[in-house]
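So the chains spell out like this:
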Amino acid sequence: MERESLEMDVVFIGAGPANLSGALYLTQLIEKAKAEGKDLGEIQIAVIEKGASVGAHTLSGAVMDPKGLAELMPDFIEKGAPIESEVKEDRFLFLTSTRAFRSPVNPPPLNNHGYYIVSLNRLTAWLGDQCEAAGVNIFPEFPGAELLYDESERVIGVRTGDKGIDKEGKQKSNYEPGVDLLAKVTVLGEGVRGSLTKKLIQRLGLDDGREPQVYSLGVKELWELPDDRYPAGRVTHTLGFPSDQWTYGGGWIYGMQNRVLNLGYVTGLDYRDPLIDPHAEFQKFKSHPFVAKLLEGGKMIRYGAKAIAAGGWHAMPQMYADGVLIVGDSAGFLNAARLKGIHSAIKSGMLAAETIFDALLERDYSARTLQEFEHRVKRSWITPELRRYRNFHAGFRHGRWLGIVNAGLQYITGGRAWGLLDRDHQEAGHEAMKKLSAFGYRDAETNLRYQGVKFDGKLTFNKVTDVYHAAVAHDEDQPVHLHVLDTNVCATRCAEEYGNPCQRFCPAAVYEMVDSEPRRVGVASRHSPRLSEPPAVAGGHSPRLSEPPAVAGGHSPRRELQINFSNCVHCKTCDIMDPYQIINWVTPEGGGGPDYKGM
Ligand SMILES: Cc1cc2nc3c(=O)[nH]c(=O)nc-3n(C[C@H](O)[C@H](O)[C@H](O)COP(=O)(O)OP(=O)(O)OC[C@H]3O[C@@H](n4cnc5c(N)ncnc54)[C@H](O)[C@@H]3O)c2cc1C
């Protein structure tokens, strides 16, 4: 099989704010150098993106601190950057199960004065246009499937995913092998829990001596409201209901243009109770009287979910190696206390561009030159910001109230507080999950956490209905991109110990334990077709999920895992939260996945 090789100078993997800013800034530096008479020759820059278009897989809140974008492009407003609204009002609420108490002061990290509410999907697409206009080659529908190394472990580029492979792994008539994009420097800006970044970090031990990254999951909907009850520019953050005090979490409600309300809920992916379902937590959040009243008479129009890297400073890996840099969420640049990562993703991309520019001048792409990236990060405004909140998330390991006290102390002491009290710090999120027996649950069917949530199709939706509103599309006839490495665990150990939590932590109903009789096939071999129209929602049941099998004579029929991979919204939660760490998320065929228009 002939595989095409393309020689580039710099390849950016992932068209998110970090990499697009990096690519754009690099073109600016090269132009400036040319104007000063320095001749670098023709520099070829490529950005590859797994989504069908730039921004298709971009999901965020988002309130953007403009500091990063303003450095990249001081006249971003004049240049037409899509901004929903300036932030005009900040509110912070504590929710009990029935009431909402407004805090007289906004917690400083959530003070959004001077910031902008944006749809990151639109902003990213716009940044992509700026890159193309500056001569960057952008390749949507090109997932990075594998990093390429030379014999001395130097990264020399990326192999993109093959197209036209059927579910049995055979070539179809439209088969096209992936391309080898060779580069002097490869930049990983895959966003949270990047599939190539994960492998690179493991292979080169880039996280040696660092704390494990911890994550949250943000689940979000857009609603069209019938009137102006919630103005564009109003920002509300909430704490409390529905999270229990051992679960890190909180809600957001942002007013966008045209009476669109953007709301979501973040659940820490280091929760203890295996019966927690982050999607159901969000549905419960909406059923709070304060939120339900806001949504009355409105219509849900979009849905999405994505993980957030919340570990902060202590969890950042080494961000360089020979021939490669790691930027944005892939390196954990997000500030969890502020729920903000766009500004630092942009800045990290720019600092990577400066480093690459120097490497191009010196013609040295080794770690020796590329390590300057970390020094630049340390000298930039990113470091004081992240160091100030470096122990923020760790405080919540000891419950909500100590977490809040710690957050306050963090702010006052410049981040020292928790570090003084507890050097033991964070464990990986999946290790925090306890077994069913620790909570006295007999099995997962005794889940009473969400019994009040009706999934009525008006205010609250089941996962299948929501997934329809994420406009997810994957070709059905392709290999499953969610690799379960040991399928024997599912029906036995995992069922007994955790009640198959993948069915709950996945916000897209990808994982389903089904009765395997009479068919006996390997796990990961059965797929459900993608929904083509909104499912009818009745009686609180997802139409895509099979009914639990009848239990006769006290014996459970044999069960197996069914992977509805076509539902996958690429949030990466399964890869993160599986208690046995046997789910490996890899890129599906290019162009597959959600389409987060306006999110
Ligand atoms: C629910 C939620 C709410 C948030 N709210 C806010 C907020 O209010 N304010 C704020 O500042 N930040 C917020 N953030 C964080 C912010 O969205 C991120 O910090 C920011 O998007 C990071 O940019 P990035 O370029 O590193 O990654 P991303 O924006 O994730 O972009 C990565 C891109 O790489 C692509 N990709 C991944 N792997 C591959 C591959 N192997 N091959 C090809 N392409 C690939 C992806 O499809 C994606 O397009 C929020 C995040 C979430 C999830």
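Small disclaimer: the values here were computed from a predicted structure and weren't measured.

Participant: I'd like to hear about the packing of aromatic side chains, residue by residue, with values.
Facilitator: Each aromatic ring pair is characterised by the separation of its centres together with the angle its planes make. Applying the stated criterion across every chain yields a total of twelve aromatic pairs. Consider the rings of Tyr-248 and Phe-396, whose centres lie 5.1 Å apart with planes at 75 degrees: the pair is edge-to-face. Taken as a pair, Tyr-248 in the loop between β17 (234–240) and β18 (249–255) and Phe-396 in the loop between α12 (392–395) and α13 (400–413) lie far apart in primary sequence, 148 residues in all. Exposure remark for Tyr-248: the relative accessible area of 13% places this residue in the buried category. Ring centres of Tyr-265 and Phe-285 lie 5.1 Å apart, and the angle between their planes is 45 degrees; this geometry places the pair in the tilted category. Here Tyr-265 is found in strand β19 (residues 260–268), whereas its partner Phe-285 is found in helix α5 (residues 278–286), with 20 residues between them in sequence. A residue is classified by how much of its surface remains accessible, and Phe-285, at 0% relative accessible area, is buried.

Participant: Any chance you could break down empty space enclosed by the protein for me, citing the residues and the numbers?
Facilitator: A water-sized probe, rolled over the atoms, reveals where empty space remains. All told, the structure shown has five cavities of 30 Å³ or more when counted by the stated rule. Quantified by volume, the largest cavity comes out at close to 810 Å³. Forming the walls of the largest cavity are 50 residues, and the residues nearest its centre are Leu-59, Gly-191, Val-192, Lys-306 and Asp-329. Where the lining of the largest cavity is concerned, the elements lending two or more residues are α1 (17–35), β3 (45–49), β4 (63–64), β18, β20 (299–309), α7 (328–331) and α8 (342–362). Across the lining of the largest cavity, the residue classes break down as 26 nonpolar, 16 polar and eight charged.

Participant: Give a detailed account of the pairing of β18, specifying residues and quantitative values.
Facilitator: The side chains of a regular strand alternate, first on one face of the sheet and then on the other. With seven of seven residues buried, β18 is to be regarded as a mostly interior element. With burial as the criterion, each face of β18 is covered, one bearing Gly-249, Gly-251, Ile-253 and Gly-255 and the other bearing Gly-250, Trp-252 and Tyr-254. Pairing geometry for β17 and β18, over four bridges, is antiparallel. The residue bridging Thr-238 from the neighbouring strand is Gly-251, located in β18. Across seven bridges, β18 lies against β19 in antiparallel orientation. By the bridge assignment for β19, Ile-253 is matched with Leu-263. Remark: four residues form the turn of the hairpin made by β18 and β19, two consecutive strands paired antiparallel; Asn-258 in that turn has positive phi of roughly 55 degrees.

Participant: Could you give an account of unusual backbone geometry, with specific residues and numbers?
Facilitator: Of the consecutive residues Gly-61 and Ala-62, the connecting peptide bond is found in the cis state with omega at 5 degrees. The residue Ala-62 is located in the loop between β3 and β4 in this model. Note that the residue after Phe-241, namely Pro-242, is joined by a cis bond; omega there is 5 degrees. Positioned with a positive phi, Gln-581 is a non-glycine residue whose angle comes to about 55 degrees. Among the secondary structure elements, Gln-581 is positioned in the loop between α19 (573–577) and β26 (583–585).

Participant: Now, about a nonpolar patch on the surface: what can you tell me, with residues and values included?
Facilitator: On the surface, Leu-402, Val-405 and Leu-409 cluster together into a nonpolar patch covering about 240 Å² of accessible area. Its place among the elements puts Leu-402 in helix α13.

Participant: Residue-level account of the layout of surface pockets, with values.
Facilitator: The computed volume of the second largest pocket comes to approximately 850 Å³. Lining the second largest pocket are 44 residues, and of these Leu-239, Tyr-248, Gly-249, Phe-392 and Phe-396 lie nearest its centre. Elements represented by at least two residues in the lining of the second largest pocket include exactly β17, β18, α12, α13 and α15 (429–432). The element best represented in the lining of the second largest pocket is α13, accounting for five residues. Looking at the lining of the second largest pocket, its residues break down into 24 nonpolar, twelve polar and eight charged.

Participant: Break down the site of the ligand for me, with residues and values.
Facilitator: The environment of the ligand is made up of 37 residues, and the closest members are Glu-49, Ser-60, Val-63, Lys-306 and Asp-329. Here Glu-49 contributes a side-chain N or O atom positioned 2.7 Å from an oxygen atom of the ligand. Gly-61 is positioned with one of its backbone polar atoms (N or O) 2.9 Å from a nitrogen atom of the ligand. Looking at the shell around the ligand, the elements that each hand over two or more residues are α1, β3, β18, β20, α7 and α8. A total of three residues in the shell around the ligand trace back to one element, the largest contributor, which is β20.

Thresholds applied
Residues numbered from 1 in each chain as written. Predicted model: local features only at pLDDT ≥ 70, side-chain atom pairs only at ≥ 80, totals over all residues. Heavy atoms only, no water. Phe/Tyr/Trp six-rings, centres within 6.5 Å; stacked < 30°, edge-to-face > 60°. Helix = DSSP H or I, 4+ residues; strand = E, 2+ residues; numbered from the N terminus. Buried < 20%, exposed > 50% of the residue type's maximum accessible area, 1.4 Å probe, protein only. 1 Å grid on protein atoms, 1.4 Å probe; cavity = no way out; pocket = protein on both sides within 12 Å on 5 of 7 lines; lining within 4 Å. Points joined across faces, edges and corners; volume = space filled by probe spheres on them. Nonpolar A, V, L, I, M, F, W, Y, C, P; charged D, E, K, R; others polar. Pairing = 2+ DSSP bridges. Patch = residues over 30% accessible without salt bridge, like charges linked within 9 Å, V, L, I, M, F, W, Y side chains within 5 Å. Areas by Shrake-Rupley, 256 points an atom, 1.4 Å probe, with all protein chains shown as cover. Salt bridge = Lys/Arg side-chain N within 4 Å of Asp/Glu carboxyl O. Near = heavy atom within 4 Å. Polar contact = N/O pair within 3.5 Å; in protein donor to acceptor, adjacent residues only side chain to side chain.

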